[in-house]
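# Topology and contacts: notes
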Amino acid sequence: MALNIPFVNDPTPRTFFKMLNLEASQLSLPESDTLMKGALAAYVVLQAAAQFFSKSLVVSIFYGVGSAAVLYGATFFLLRFLKQEEKFVKTLTAMAVMGAVAALAYIILHLIVGVALPPPLPTERLARFLLFPIIVWTAFMYAFLLRHVALRPIPAFVTAALYVLAIEVVLSAVNF
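As the structure is a prediction and not an experimental result, all values here were calculated from the model. (Residues numbered from 1 in each chain as written. Predicted model: local features only at pLDDT ≥ 70, side-chain atom pairs only at ≥ 80, totals over all residues. Heavy atoms only, no water.)

### Here's the deal with the nonpolar core
By size, the foremost hydrophobic cluster in this structure holds 38 residues, and its most contacted members are Met-19, Tyr-43, Leu-71, Met-98, Tyr-142, Leu-145 and Leu-146. Secondary-structure elements contributing two or more residues to this core are helix H2 (11–20), helix H3 (33–51), helix H4 (57–81), helix H5 (88–116), helix H6 (123–147) and helix H7 (153–170). Beyond its immediate sequence surroundings of up to four residues, Met-19 is in contact with Ala-24, Ser-25, Gln-26, Leu-29, Ala-94, Met-98, Met-141 and Leu-145. Formed by 10 residues, the second largest nonpolar core is a distinct cluster that contains Ala-102, Ala-103, Ile-107 and Ile-134. (Core = buried A, V, L, I, M, F, W, Y, C linked by side-chain atoms within 4.5 Å. Buried < 20%, exposed > 50% of the residue type's maximum accessible area, 1.4 Å probe, protein only. Helix = DSSP H or I, 4+ residues; strand = E, 2+ residues; numbered from the N terminus. Contact = heavy atoms within 4.5 Å.)

### Focus on H4
With 25 residues, H4 extends 36 Å from end C-alpha to end C-alpha; this agrees with the ideal 36 Å at 1.5 Å per step. When H4 is considered as a whole, its buried residues turn out to be Val-59, Ser-60, Tyr-63, Gly-64, Gly-66, Ser-67, Ala-68, Leu-71, Gly-73, Thr-75, Leu-78 and Leu-79. Following H4 by one or two positions, Lys-83 adopts a phi angle in the positive range, close to 60°. (Expected span 1.5 Å × (residues − 1).)

### Description of unusual backbone geometry
Positive phi, close to 60°, is recorded for Lys-83, a residue that is not glycine. Residue class for Lys-83 comes out exposed when judged on its relative accessible area of 64%. Of note, Ala-150 is a non-glycine position whose phi angle comes to about 80°, a positive value. Following the sequence through the fold, Ala-150 ends up in the loop between H6 and H7.

### Examining H7
With 18 residues, H7 should reach 26 Å at 1.5 Å per residue; the first-to-last C-alpha distance of 24 Å fits that figure. Considered for burial, the residues of H7 that qualify are Ala-156, Thr-159, Ala-160, Tyr-163, Val-164 and Ile-167.

### Quick look at the environment of Leu-27
The topology assignment puts Leu-27 in the loop between H2 and H3. Leu-27 gets classed as partly exposed once you look at its relative accessible area, which sits at 35%. Separated by 121 residues in the primary sequence, Leu-27 and His-148 place their C-alpha atoms 7.7 Å from one another. Beyond its immediate chain neighbours, meaning those up to four positions away, Leu-27 contacts Lys-87, Lys-90 and His-148.

### Remarks on the packing of H4 against H7
Between H4 and H7, whose axes approach to 9 Å, the crossing angle comes to 155°. Between H4 and H7, the interaxial angle falls into the category roughly antiparallel. Both H4 and H7 take part in a crossing whose hand is right-handed. Where H4 abuts H7, its residues Tyr-63, Ser-67, Val-70, Leu-71, Ala-74, Thr-75 and Leu-78 lie against Thr-159, Tyr-163, Ala-166, Ile-167 and Glu-168. (Axes fitted to C-alpha atoms, helices over the stretch in contact; angles between N-to-C directions. Parallel < 35°, antiparallel > 145°, perpendicular 65-115°, else oblique. Left-handed = near helix turned anticlockwise from the far one by under 90°.)

### Let's talk about a nonpolar patch on the surface
A surface patch of nonpolar side chains, about 590 Å² in accessible area, is lined by Ile-154, Val-158, Leu-162, Leu-165, Val-169 and Val-170. Of note, Val-158 is situated in helix H7. (Patch = residues over 30% accessible without salt bridge, like charges linked within 9 Å, V, L, I, M, F, W, Y side chains within 5 Å. Areas by Shrake-Rupley, 256 points an atom, 1.4 Å probe, with all protein chains shown as cover. Salt bridge = Lys/Arg side-chain N within 4 Å of Asp/Glu carboxyl O.)

### Details of the side chain of Thr-75
Of note, Thr-75 is situated in helix H4. A relative accessible area of 1% places Thr-75 in the buried class. When sequence neighbours within four positions are dropped, the list of residues in contact with Thr-75 reads Val-70, Phe-88, Thr-91, Leu-92, Met-95 and Tyr-163.

Laid out in structure tokens, this is it:
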């Protein structure tokens, strides 16, 4: 007897799980503006929550919204340049979900390190050190997704690295 779990048996969550393993592309996702908006909302919330460990609430919210704006704008203009506008919704949805998963991984990692190492120890520095593989994984995931919108491997990886640098380095340095 097969288990019938709606969330797991639905093709969209299965596609996201396959994208995590670099087995599926965003092109198998449904064309849904609602899914894209939900993915962007999850991205904003999780990115802001990940920054809240070391930044104020206002700066964290700015980071979440700003990183979503960078993701949206860069994807929009890249796909317009490549003349692949019809893939925008699926590509942005996939990139937002993968960025949200990376932020969730950072939150979980930070909570584990924070519980294991009490405040007098350099918890924040250790968490940032352990964040590096998550950043690299995010760059590879973005490159994989961009590879499916008509970019060759090296330009896809360079573009993905620019996405990650703009979001993780430039925006995370903002303080006010």
